[in-house]
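Letter by letter, the chains look like this.
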Amino acid sequence: MTKDGSMRAHIVLLSTMALALSACAIQEPRQTPAPQPTPTPPQPQTPVETRPGSPPTTVEEPQPLPPTIREPVLSPASRALVGQAQTQLASKNFAVAASSIERAIRIEPDNPLLWIELGKVRQAEGNYVQAENMARRAVAMSAATPKVQAQAWGLIAESYRARGRTAEAMEAQARADAVR
Amino acid sequence: MNRKRSSRLRKYRKQIFAGIVLILGLAVLGLLAWVFYLDRQITAQFEGRRWTLPAQVYAEPTELYVGQAFGADALERELKRLGYQRVSTPRQPGSYSRNGERIELITRRFRFWDALQAPQELILTTRGDAIETMRNGRGEDVPIFRLDPLLIGSIFPIHGEDRVVVAPDEVSQLLPAALKVVEDRDFDEHIGVDFSAIARAAWVNLRAGQIEQGGSTLTQQLVKSYFLDNRRTFGRKIEEAIMAMLLEVHFSKQDLMNAYINEIYLGQDGARAIHGFGLASQFYFGKPLAELQLHEEALLVAMVRGPSYYDPRRHPDRAKARRNLVLDLMKQHGVLDAKAAAAAAKRPLGVVNSGANAGGYYPAFLDLVRRTLRRDYREEDLTEAGLRIFSTLNPYVQSQAEQALAQELERLDKAREPKTGRKLEGVVVVASPQNGEVVALIGGRQASYNGFNRALDAKRSIGSLVKPVIYLAAIESGLYHAASIVEDGPVEVKLSNAQTWRPQNISHEYYGPVPLVRALAQSMNLATVRLGLEVGLDKVTRQFVALGLPREPPQLPSVLLGAVDVSPLEVAQLYTPFANSGFSTPLRAVRSVVDADGQPLKSFALEVTPVSDPAAVYQVNRMLLEVMEHGSGRPARAWLPPGLTVAGKTGTSSDYRDSWFAGFSGSHLAVVWIGYDDNSPTGLTGSSGSLAVWARLMASIGTSSWSAPLPEGLKEVSIEFPTGLAARPDCGVDVISIAAPEQAQIPAAPGCEVGVFDSLGERARRWWRGFSR
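What counts, and at which threshold
- Residues numbered from 1 in each chain as written.
- Chains lettered and ligands numbered in written order.
- Predicted model: local features only at pLDDT ≥ 70, side-chain atom pairs only at ≥ 80, totals over all residues.
- Helix = DSSP H or I, 4+ residues; strand = E, 2+ residues; numbered from the N terminus.
- Buried ≥ 20, exposed ≤ 12 C-beta atoms within 10 Å, placed from the backbone.
- Contact = placed C-beta atoms within 7 Å.
- Pairing = 2+ DSSP bridges.
- Axes fitted to C-alpha atoms, helices over the stretch in contact; angles between N-to-C directions.
- Nonpolar A, V, L, I, M, F, W, Y, C, P; charged D, E, K, R; others polar.
- Arc of directions from axis to C-beta.
- Parallel < 35°, antiparallel > 145°, perpendicular 65-115°, else oblique.
- Left-handed = near helix turned anticlockwise from the far one by under 90°.
- pLDDT = per-residue confidence, 0-100.
- Core = buried A, V, L, I, M, F, W, Y, C linked by C-beta atoms within 7 Å.
- Expected span 1.5 Å × (residues − 1).

1. As for the overall build of chain A
And step 1. Scanning chain A from N- to C-terminus turns up seven helices and zero strands.
And step 2. Reading chain A from its N end, one meets helices and strands in the order α-α-α-α-α-α-α.
And step 3. Looking at chain A as a whole, 48% of its 180 residues qualify as buried.
And step 4. Residue pairs in contact within chain A that sit at least 24 positions apart in sequence constitute 61% of those at least 6 positions apart.

Written out as structure tokens, the structure reads:
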């Protein structure tokens, strides 16, 4: 992994984390992990509460979609585990974070959101191939749910970018944008 | 003469004296050397044993969360399995109370691979078959909680000694007190050997004319146990006594007592010797030593004298009488008050069944764990280093699988001619396809027998289990779909050795032109061989490797009918991509390994790899559903709950030597094999043998339906099952639904074209069909 790549991965990781943490704070006050003083100091120490334009990843919110499409949501148990995983991820405890998400996958194996979360952990630890594979797994189980599919393609694009495979990254990104 | 001799004696007095001194000196030196040698031996043994801890293997922990499919009864069963004690108000970890639909418990402290879990009070309510609320002691909602997992065994050395070592703080005060009272009253004072006890025992035995009482101290018993030597020679006894005294010199009474508690032999479980009170507590009561009640502890103390003579499972009366004697002795010597002793003496033995319940033993699964870890660890690390291994076994699914297999094998054995005397063997593998975890594994008819592990080592011909692989290769080629027509007619293949291969259907009939879906569902050999040859043998054999078979089968036409030797576990791996939408995930039995201090050493993380086009796999899976509805898997319906959607395939090898079934639901993938070890014919097909085991199992583990969204680029099509012609669902013969590529052109059955108005004739046909049912 190049320095450049790791930095980029790091930025992506922290921003998705910030999203999910803030999401958690809304959904599950008890599970709110205190904003972790991340050990590594670089720039994206942005306040956890800021929320960029794109919608957060793991939240169920009224979806502006036709009623026939039911985007998956996380069960309370999975939500708690994903929240836990995000705290663990913040302290770079990749194995433990993955293990928390695996627990959720055992409960809801067909929920593409969880596979995307696991893919994010893999991406953060630099295992880009598994990050991509997890996202592809999510794509395969979300044929009828465009929003999740867009997220999954976004992760695929990210994993290609991290490996320097720009053309494939752009293609994947285009698919992500197309479903949105 | 006398004077002469005495003078000579006098003359040699000095020499004689010197000689005697020399001999004595040598003897003393020799004795010292011997004692020194014994000392080295016994201390090495003692120190060595202290750190010889077999790796402990845990089952997968049960997760509790709102919505989890646990009714109050099932939840209570689960707690009992974990050895939780029912009380009126839970105050101790490992206890629970139940009031109708409300269960209150205090969980045990447990160190998982990723976190230390402190004891916690949980209050659960259930409604129907699910957990409705879960709160902690402060009334806050708990979204998810992991119960401490069941200890399912350990990886013990080849000589069979198994133990669960306990630290002094895990042992109640009563246990050492009881041991002293019953086995060695002067333990705190003696020097390793108790001469007054020996004299007393000798007197008793002399009067009785037989050995009634032993004079061995706990220390001597410990020495004896270290060297596994039952010779009762006088020399051996002396050696033992010296070693006992040496141990006393080197170690404190507390250390010796703790070593004794972890060392002493307390029973036998097949090849496994149960050593120490920690394992005995798990083995006999299914819970940790710290949670034993008085009457349970007394029973274990009672068994020290003769674990097989006083085996509470085989000789409950004898065991109870001696337990009550122990309680009585404890009372006499002031360890217990009379009331407590009397109350404990009234209690039943309280021993759990070995096998299906706690304390059960899963050799086939543990063998898989052992082999998994042997890649990374030396044998000594596994048997001595005190590793803790978190496995994927689900004890409930395992016991259901054992039951399903045992029942069917018994039925099948009864149904065949009784003279042969041979018994059918069987294997079951159950995995969760999405994460590759092996949740149950049975390696043979006697699930608790530690021997030939057929699940891993029996490589047998898999017959028609190969067919989905061929159909997947066909669909992936883009040239076929489920309604494509293939001819089921005579096939001749010229082999390289100038012979001609003429395969047959099991029925020895020809079915003519049939759609792929029917050829697969009804397991037609000729149609399949033709299809496989059209697709290309090389493509088919490569497909096996892509799906996860460790080696490519030879490119021979007979491979198309399953002449490939594969173990049941490998079959499960081969079917994983089907159950997992085209993704392969390595089957694993271990989640994580931590060292004796709780530091994670290794985790086997979930990995997935796309190995086949999800849309192609989806089309094959839809055909595999038809196996269960219209084909050879149909008899399973007799056991399966109505509405449960499952997919699967039967397999029968040539001359009915192997009966297979492999199939999956939404949450479980299971493979069953039945056959004889000597590979002789069983007369069973996959459908008449293994299918019933599979169906009984699937019906009993609360599995979920297979479902997957229709992949992009595919469409739903209704076709007639026999002809493959498109037809409206309300028209045509045996109309089924398949998935086919959007651009696929499927000719319609005359009069049943989609969108054509209901004709009078069609209405008549419907009327007639309704009538004829």
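2. Considerations on the overall build of chain B
And step 1. Looking only at helices and strands, chain B features 23 helices and 32 strands.
And step 2. Viewed in the frame of its principal axes, chain B has a C-alpha envelope of about 140 × 70 × 50 Å.
And step 3. Put simply, chain B has 773 residues, and 47% of those count as buried.
And step 4. Relative to all contacts within chain B whose residues are 6 or more apart in sequence, the contacts with residues 24 or more apart total 68%.

3. Here we look at the pairing of strand E29 (residues 658-664) of chain B
Residue and element names in this part refer to chain B.
And step 1. Taken across its seven residues, E29 has seven buried, putting it largely inside the fold.
And step 2. Alternating residues of E29 divide into Asp658, Trp660, Ala662 and Phe664 and Ser659, Phe661 and Gly663, and every residue in both groups is buried.
And step 3. The antiparallel pairing of strand E28 (residues 647-652) with E29 creates a hairpin that spans five residues between the two strands, and Asp655 there sits at a positive phi of about 60°.
And step 4. Direction of pairing for E29 relative to strand E30 (residues 669-675): antiparallel, over a ladder of seven bridges. Within E30, the position partnered with Phe664 by the bridge is Leu669.
And step 5. Counting the residues that bridge the hairpin from E29 to E30 gives four residues.

4. Focus: the sheet that holds strand E1 (residues 55-58) of chain B
Residues and elements named next belong to chain B.
And step 1. Read across the sheet, five strands follow the order E11-E1-E15-E25-E26 without closing on themselves; strand pairing throughout is mixed. Both outer strands of the open sheet, strand E11 (151-155) and strand E26 (600-603), are each paired with one neighbouring strand and no more. Strand-to-strand twist across the sheet, computed as the mean angle between neighbouring axes with direction ignored, equals 20°.
And step 2. In the sheet, E1 pairs with E11 via four bridges, with the strands oriented antiparallel. Across the sheet, residue Val57 finds its bridge partner in E11, namely Gly153.

5. Considering the sheet that holds strand E17 (residues 437-442) of chain B
Residue and element names in this part refer to chain B.
And step 1. Taking strand neighbours across the sheet as the criterion, the five strands line up as E17-E16-E30-E29-E28 in an open arrangement whose pairing is antiparallel. Here the strands that pair on one side only, and so sit at the sheet edges, are E17 and E28. Strand-to-strand twist of the sheet, defined as the mean angle between neighbouring strand axes without regard to direction, takes the value 10°.
And step 2. Where strand E16 (residues 425-432) meets E30, seven bridges bridge the pair, whose relative direction is antiparallel. Each residue of the ladder has a partner; that of Glu425, found in E30, is Gly675.
And step 3. Each of E16 and E17 touches helix H14 (residues 395-415); the most contacted strand, E17, lies at about 35° to it.
And step 4. Those strands touched by helix H20 (residues 568-579) are E16, E29 and E30, and its axis lies near 145° from that of E30.

6. Some details on the interface of chain B and chain A
And step 1. At the junction of the two partners, chain B supplies 28 residues and chain A supplies 25 residues.
And step 2. When contributions to the side of chain B that touches chain A are tallied by element, the ones reaching two or more residues are strand E2 (63-65), E26 and strand E27 (609-610) of chain B.
And step 3. Looking at side-chain class alone, the side of chain B that touches chain A contains 15 nonpolar, eight polar and five charged residues.

7. Focus on the environment of Ser432 of chain B
Residue and element names in this part refer to chain B.
And step 1. Considering the arrangement of structural elements, one finds Ser432 in strand E16.
And step 2. Taking the C-alpha atoms as reference points, Ser432 and Thr392, 40 residues apart in sequence, are found 9.7 Å from one another.
And step 3. Apart from the residues within four sequence positions on either side, Ser432 is in contact with Glu437, Val439, Ser667 and His668.

8. Overview of helix H19 (residues 537-547) of chain B
All names here are of chain B.
And step 1. The complete set of buried residues in H19 reads Val540, Thr541, Gln543, Phe544 and Leu547. The arc that holds every buried residue of H19, seen down its axis, measures 145°, which confines them to one face.
And step 2. One or two residues past the end of H19 sits Gly548, with phi positive at roughly 130°.

9. Overview of the packing of helix H4 (residues 112-124) of chain A against helix H6 (residues 146-162) of chain A
Residues and elements named next belong to chain A.
And step 1. Running from amino to carboxyl end, H4 crosses H6 at an angle of 15°, the nearest separation of the two axes being 10 Å. The angle between H4 and H6 falls in the class roughly parallel. As for the relative orientation of H4 and H6, their crossing is left-handed in sense. Between H4, through Pro112, Leu113, Ile116, Gly119, Lys120 and Gln123, and H6, the contact on the second element is made entirely by Val148, Gln151, Ala152, Leu155, Glu158, Ser159 and Ala162.
And step 2. The class makeup of the residues in the contact of H4 with H6 is seven nonpolar, four polar and two charged.

10. So, unusual backbone geometry
And step 1. We note that Lys92 of chain A has phi near 60°; this positive angle belongs to a residue other than glycine.
And step 2. Structurally, the position occupied by Lys92 of chain A is in the loop between helix H2 (76-90) and helix H3 (94-107).
And step 3. For Lys92 of chain A, a count of 14 C-beta atoms within 10 Å puts it in the partly exposed group.
And step 4. Of note in this structure, Asp655 of chain B is not a glycine but carries a positive phi near 60°.
And step 5. Inspection of the secondary structure assignment puts Asp655 of chain B in the loop between E28 and E29.
And step 6. For Asp655 of chain B, a count of 12 C-beta atoms within 10 Å puts it in the exposed group.

11. Quick look at the environment of Phe227 of chain B
Residues and elements named next belong to chain B.
And step 1. Mapped onto the secondary structure, Phe227 falls in helix H5 (residues 218-227).
And step 2. The exposure class assigned to Phe227 is partly exposed, which follows from the 15 C-beta atoms found within 10 Å.
And step 3. Separated by 182 residues in the primary sequence, Phe227 and Gln45 have C-alpha atoms spaced 8.8 Å apart.

12. Quick look at the packing of H2 of chain A against H4 of chain A
Packed helices, taken two at a time, are described by the angle their axes make and the gap between the axes.
Residues and elements named next belong to chain A.
And step 1. Remark: H2 packs on H4, axes separated minimally by 11 Å, with the N-to-C direction vectors making an angle of 5°. Comparing their axes, H4 and H2 come out roughly parallel. Residues Ser78, Val82, Ala85 and Leu89 of H2 form the contact with H4, whose own contacting residues are Leu114, Glu117, Val121 and Ala124.
And step 2. Split by residue class, the contact of H2 with H4 holds six nonpolar, one polar and one charged.

13. Details of the confidence of the model for chain A
And step 1. Mean pLDDT over chain A stands at 73; residues scoring 70 or higher make up 61%.
And step 2. Every residue in residues 1-67 of chain A is under pLDDT 50, and counting partners more than four places away or in other chains gives 70 contacts.

14. Some thoughts on the nonpolar core
And step 1. Ile101 of chain A together with Val428, Val429, Tyr575, Ala670, Val672 and Trp694 of chain B are the most contacted members of the largest nonpolar core, which totals 248 residues.
And step 2. If one sorts the elements of this core by residue count, helix H21 (residues 614-630) of chain B sits on top with ten residues.
And step 3. Excluding residues that lie within four positions of it along the chain, Ala670 of chain B makes contacts with Val428, Val429, Val430, Gly663, Trp694, Leu697 and Met698 of chain B.

15. A closer look at the confidence of the model for chain B
Residues and elements named next belong to chain B.
And step 1. Overall, the predicted model of chain B reaches an average pLDDT of 88, with 92% of residues at or above 70.
And step 2. Low confidence marks residues 355-359, where pLDDT is under 50. Its contacts with residues over four positions away, or in another chain, come to 19 contacts.
And step 3. Note on residues 756-762: pLDDT under 50 across the span, and five contacts to partners over four residues away in sequence or across chains.
And step 4. Confidence metrics for the complex model read pTM 0.80 and ipTM 0.82.

16. Some thoughts on H2 of chain A
Residue and element names in this part refer to chain A.
And step 1. An ideal rise of 1.5 Å per residue puts 21 Å on 15 residues; H2 measures up with 21 Å between its terminal C-alpha atoms.
And step 2. Across the 15 residues that make up H2, a large majority, 14, are buried.
And step 3. Backbone geometry just after H2 places Lys92 at a positive phi near 60°.

17. What about the environment of Val540 of chain B?
Residues and elements named next belong to chain B.
And step 1. Secondary-structure assignment places Val540 in helix H19.
And step 2. The exposure class assigned to Val540 is buried, which follows from the 24 C-beta atoms found within 10 Å.
And step 3. Between the C-alpha atoms of Val540 and Asp658, which are 118 residues apart in sequence, the distance is 22 Å.

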